[in-house]
There are 2 protein chains.
Amino acid sequence: MYYSKLFGKTVRKAPSDASTASHKLLYQAGFIRESTAGRYFFLPLGQRVQQKIMKVIKEEMDQAGAQEMISPVLHPLELWKETNRTNTTGFELMKVQDRRGAEFALGGTAEEMFVDVVRKFQLSYKDLPFNIYQFSTKFRDELRARGGLLRVREFIMKDAYSFDVDETSFKKKYEKMKKTYTKIFDRLGIPTQIVESDNGYIGGEYCHEFVMEAKQGESKYLFTADGSYAAHQDVAVFLPANKNIDDEMLPLQEIEAIRGTTMEDGVKLHKKPLWQQIKDVLFVDEKGRFILAIIRGDYDVNEIKLKHLTKSIELRHATDDEIKKKINSEPGFISPVNIKKMVDKNVKLLIVADTSLRTIKNAYGGANQKNRDLFNMNIDQDYKPDLEGDIALAKEGYMSKDGKQRLIEKQGIEVGNIFQLGYHYSRLMRDASFIDKDGKAKPYYMGCYGIGIGRTMAALVEKYHDEKGIMWPLAVAPFRVHLISIGKEQTDKDKAEKLYKELCDRNIDVLFDDRDISPGEKFADADLVGIPIRLVISPKTGDKAEYKERNKKEIKIVTINELFNSLTR
Amino acid sequence: MYYSKLFGKTVRKAPSDASTASHKLLYQAGFIRESTAGRYFFLPLGQRVQQKIMKVIKEEMDQAGAQEMISPVLHPLELWKETNRTNTTGFELMKVQDRRGAEFALGGTAEEMFVDVVRKFQLSYKDLPFNIYQFSTKFRDELRARGGLLRVREFIMKDAYSFDVDETSFKKKYEKMKKTYTKIFDRLGIPTQIVESDNGYIGGEYCHEFVMEAKQGESKYLFTADGSYAAHQDVAVFLPANKNIDDEMLPLQEIEAIRGTTMEDGVKLHKKPLWQQIKDVLFVDEKGRFILAIIRGDYDVNEIKLKHLTKSIELRHATDDEIKKKINSEPGFISPVNIKKMVDKNVKLLIVADTSLRTIKNAYGGANQKNRDLFNMNIDQDYKPDLEGDIALAKEGYMSKDGKQRLIEKQGIEVGNIFQLGYHYSRLMRDASFIDKDGKAKPYYMGCYGIGIGRTMAALVEKYHDEKGIMWPLAVAPFRVHLISIGKEQTDKDKAEKLYKELCDRNIDVLFDDRDISPGEKFADADLVGIPIRLVISPKTGDKAEYKERNKKEIKIVTINELFNSLTR
């Protein structure tokens, strides 16, 4: 490819809103352009990278026995109604009507569609298991797009769906997919950590994210140094340290407490440790139910865990007004003690206690009245939660569950995920079944497996760049060789042109910068675009060529034969 | 691939609404399934064919120097407003809003998007020409989907857009694309005819459809046996034969004419030839303008030509009520003579005459009153059209323009098209320009080039099938070899399994029917699926294999070595 005719040349200036290296460099080097916020054109260079990423994914998916197919982009909305997802999806669903009034969702993920096509066939246990996947455009009506390709509203995703006769069979397939994903990211040059993650409606142990450590990432995760544990902060567990657990329980005491409404105000006033204070956080769920989450003062509530425990779909913080008028308590002075007696008749209040409250005695905190506090609150004795469980947010330095190591916290880019879906969809959707050996129709056991192509591309640039530009690993590089012609004489140009043709004849992908511009500009562009090998033909190189790898400093002079030998090895 | 694990096996029954061979066979053989009307899943077999078609197209497009990229599926509606296409598109545009209220079109074609990304770059004449293309999902809100993949509401299209400095440069590129398309369809095994076609808003000589002759097709076209002329009926021209052109013009005469309202009624009553009668067709355009199209009685009006001549976007027939109350004429008795004096003051009426009216003298027809006719109407003398031009519909048997041959009429499937866009988009969209040698900004000269992938697949099946099923040409076949194992003994199975593995090792695509079902069912499935080579391993074949090509009757017994030699040749 002649660079002079390439559509999408370099520009010097990054977009003003570009905050990540990948956004800046992919823009400047001519790989992407934004259409509207969060929707991108992939220019010829970007499309080449995208296709190389997809090629690696396809090869490994096929190797694992998965079968590529494709579903329509517009999903009949009835399907999403069958699984009640028109209301429960985390991402806002975009909907569209055709001129006959039929309603469609713009697919954000395709579980219903794949179940719908599978149930069009009368399957027997002999047809299972299988795994079908597609590369297709997905839509997420994100309120805020950010970071170039890191969080977008439209992107190509490889989404796979597996169908097994039961959980035992599924587990094997799940472990196989885990290995397939590991191999995919290895081949792409993306070091990933596999972390347990949340799968929303199902729970359970089979749900993992593949995360590449990067400050630009939105996934926080915790792990132990020995690699025995790694989990997304949404689901990470830890061992709460026992505090004054051996103290004797003292009788409840109410005192005057003229203080502000924060936890720190309590600590300051009473000169007691933060951990001994009860943290009360009042939520309202999508059904209008009030949920009082209580936890040890030095811990924070993990809303994802709380949602699972309370089987809520959405949670929001209660307003000060609601605390006063519905609960008849006081912001900053809420207490689980006696609160149930105070709430309005028509208010449903659920008290949910974190297990960490069992690690302290004689806690202090509000008394449901302004400027009144309680001392010596003890669980079971002074208050009884409706639900008790792990609703604590794990953080850096907390003890791992085995009690032997401190958790390490990192941030990363989620490049892939694998999910247990179980019977969730096959039970909600009619006829989503196969005929088992006993002749009975049974729902299939499902899993799903995603990789976002654009985000993977962004992760690659975050990992492989320097101050001058991108440094593509060979497996995903848009071209293998960046050939630069220097010299104004026709003989210099002819020499470069000849080498270009010879490389093309050998099926080596070459980007040939044949423009009449300064050598400095050509070198800068080559560094910015980031093709693995740079070759220079100039009056100085004679009948040889200058050879430099993008990620090395060394410059070699090689004969054309040496060059062909090393490139076709 | 083991057929036992393939998702999308054969079924015996075709869908009740399937009217074309491609729809029936692609369904029965497990290549496609309908999601909702006109929106299809491509099952693993179908996806393989689709990808092979795309591969051939990509190779030839790249060979021609075109560059693949990809644009978002959702097009900002402002772009379509810039070119006024929200109102003028023939296909109904689907629109969607995001939750921030931003409006998008679901792309039916992507001229605006490609101009929009191109204008993000400051281009000079040195950057031109270039041709950028994509494979992407397109949406058409068709009122009626039909024929399986022949007319759908959602499909993958290869759409390319070229940018040149001027028309001279464009013409060369256009001819090159014509050759590229010819090569693509040759490689795919689709015999196409290149026919001139309508390009809607621009007119001009550079617009062609690639049509495969097929009764199932929706494109009617006319051509001469010597191949010198071929055009879509929308634009086809012919030479109207001179009739009584040498007769003397007689004076206009009004007579009583108690007759029905059809052309035949006139012929019967006056015992004069149909061609001597004037055919009057009254239309109303999108601006409310009345258009009276007049033509020789034996010809029909071509509404596409009429639209171009009158620069109308939409035409509909006037109602009887409008004829009576707005035009003050009479249905079945309209005449161009004196009609302008009769119409309501606020009615704008345009008289458009076909050039064929110059081939007759002393025409007869209505007198703008019930049961009154005129004899001896002559153009210029008795009526004066506002516009005169070719608005006649060409038909089988009409004389070609060169006056030497009769036109032949056929029906076919439009599998591709190439279009001159000229300055249409670059003039309507701001900043759609490049800096020319003289330092001035000039609009670029554009062309566009489309191929529908699904329709190409349907065309292939229409062409390559028999009563038993599909017969894929090798270039697009989902697999090269269909291996069938017969015999219930483990040794038979092992023999087939061994051959399967050996073929896979040699990178030969094999579909291996390993199921425990009858040989008859396996043979029927193989014929239905249509893979080019069928191999059978049975107790009878010993250490050899039975070899049959899908499109031949002959069955050969070959040694495994002969087989490998022929397959890896």
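Conventions used here
- Along each chain, numbering runs from 1 in the same order as the chain's sequence is written.
- Numbering of ligands from 1 and lettering of chains from A proceed in the order in which they are written.
- The predicted origin of the model limits local features to residues at a pLDDT of at least 70 and limits the giving and counting of side-chain atom pairs to 80 or more, whereas totals for whole chains, interfaces and linings rest on all residues.
- UniProt positions are given in the numbering used here, feature names are shortened, and annotations may be inferred rather than shown by experiment.
- In this scheme, strands are said to pair when DSSP sees at least two bridges between them.
- Where helices and strands are cited, they refer to DSSP runs of H or I of at least four residues and of E of at least two residues respectively, numbered from the N terminus.
- Interaxial angle, 0 to 180 degrees, is taken between N-to-C directions of lines fitted to C-alpha atoms, where a helix line uses only the stretch in contact.
- Here, residue contact means that the backbone-derived C-beta atoms of the two residues sit within 7 Å.
- Residue type decides the class: Asp, Glu, Lys and Arg count as charged, Ala, Val, Leu, Ile, Met, Phe, Trp, Tyr, Cys and Pro as nonpolar, and the leftover types, Gly among them, as polar.
- By definition, a nonpolar core groups buried Ala, Val, Leu, Ile, Met, Phe, Trp, Tyr and Cys residues that are joined through C-beta atoms within 7 Å.
- Three exposure classes are used. Buried residues have 20 or more other C-beta atoms within 10 Å of their own C-beta, exposed residues have 12 or fewer, and partly exposed residues fall in between, all C-beta atoms being placed from the backbone.
- Segmentation of the chain into domains, including their bounds, is taken from an automatic or database domain assignment.

Under the annotation held in an unreviewed UniProt entry, chain A carries the name Proline--tRNA ligase. In the Subcellular location (unreviewed entry) part of its UniProt record, chain A is described as follows: "Cytoplasm". The record in UniProt for chain A states the following under Catalytic activity (unreviewed entry): "tRNA(Pro) + L-proline + ATP = L-prolyl-tRNA(Pro) + AMP + diphosphate".

**Here's the deal with the sheet that holds strand β28 (residues 481–485) of chain B**
Residues and elements named next belong to chain B. An order of β29-β28-β30-β31-β32 is seen for the 5 strands of this open sheet, with the pairing classed as mixed. Looking along the sheet, the strands with just one partner apiece sit at the ends: β29 (510–513) and β32 (555–559). Each neighbouring strand pair of the sheet contributes to a mean axis angle of 25 degrees, computed without reference to strand direction. Its contacts with the sheet place helix α14 (residues 519–529) against β28, β29 and β30 (533–537), and it is angled at close to 175 degrees to β28. Contacting β31 (544–549) and β32, helix α15 (residues 560–567) runs over the sheet at an angle of about 105 degrees to β32.

**Quick look at the interface of chain A and chain B**
Across the boundary between the two partners, chain A contributes 37 residues, which contact 37 residues of chain B. At the level of secondary structure, the elements contributing two or more residues to the side of chain A that touches chain B comprise β1 (32–36), β2 (39–42), α2 (44–63), β3 (67–68), β4 (74–76), β5 (94–97) and β8 (130–139) of chain A. Top element by residues in the side of chain A that touches chain B is β2 of chain A. It accounts for 4 residues. By residue class, the composition of the side of chain A that touches chain B is 19 nonpolar, 7 polar and 11 charged.

**Some thoughts on the nonpolar core**
Ranked by internal contacts, the top residues of the largest apolar core, which has 323 residues, are Ala293 of chain A together with Ala293 of chain B. Setting aside chain neighbours within four positions, we find Ala293 of chain A in contact with Val281, Phe283, Val301, Leu306, Val352 and Ile391 of chain A.

**A closer look at helix α8 (residues 303–310) of chain B**
Residues and elements named next belong to chain B. Of all the residues in α8, the buried ones are Lys305, Leu306, Lys307, His308 and Thr310. Elements in contact with the buried residues of α8: β15 (278–285), β16 (290–296), β17 (315–317), β18 (349–354) and β21 (387–389). The positive-phi residue at the C-terminal boundary of α8 is Lys311, with phi of around 55 degrees.

**Side note on the domain arrangement of chain A**
The assigned domain composition of chain A is domain 1 (15–68 + 108–237 + 409–461), domain 2 (253–389) and domain 3 (479–567). Centre-to-centre, using C-alpha coordinates, domain 1 of chain A lies 38 Å away from domain 2 of chain A.

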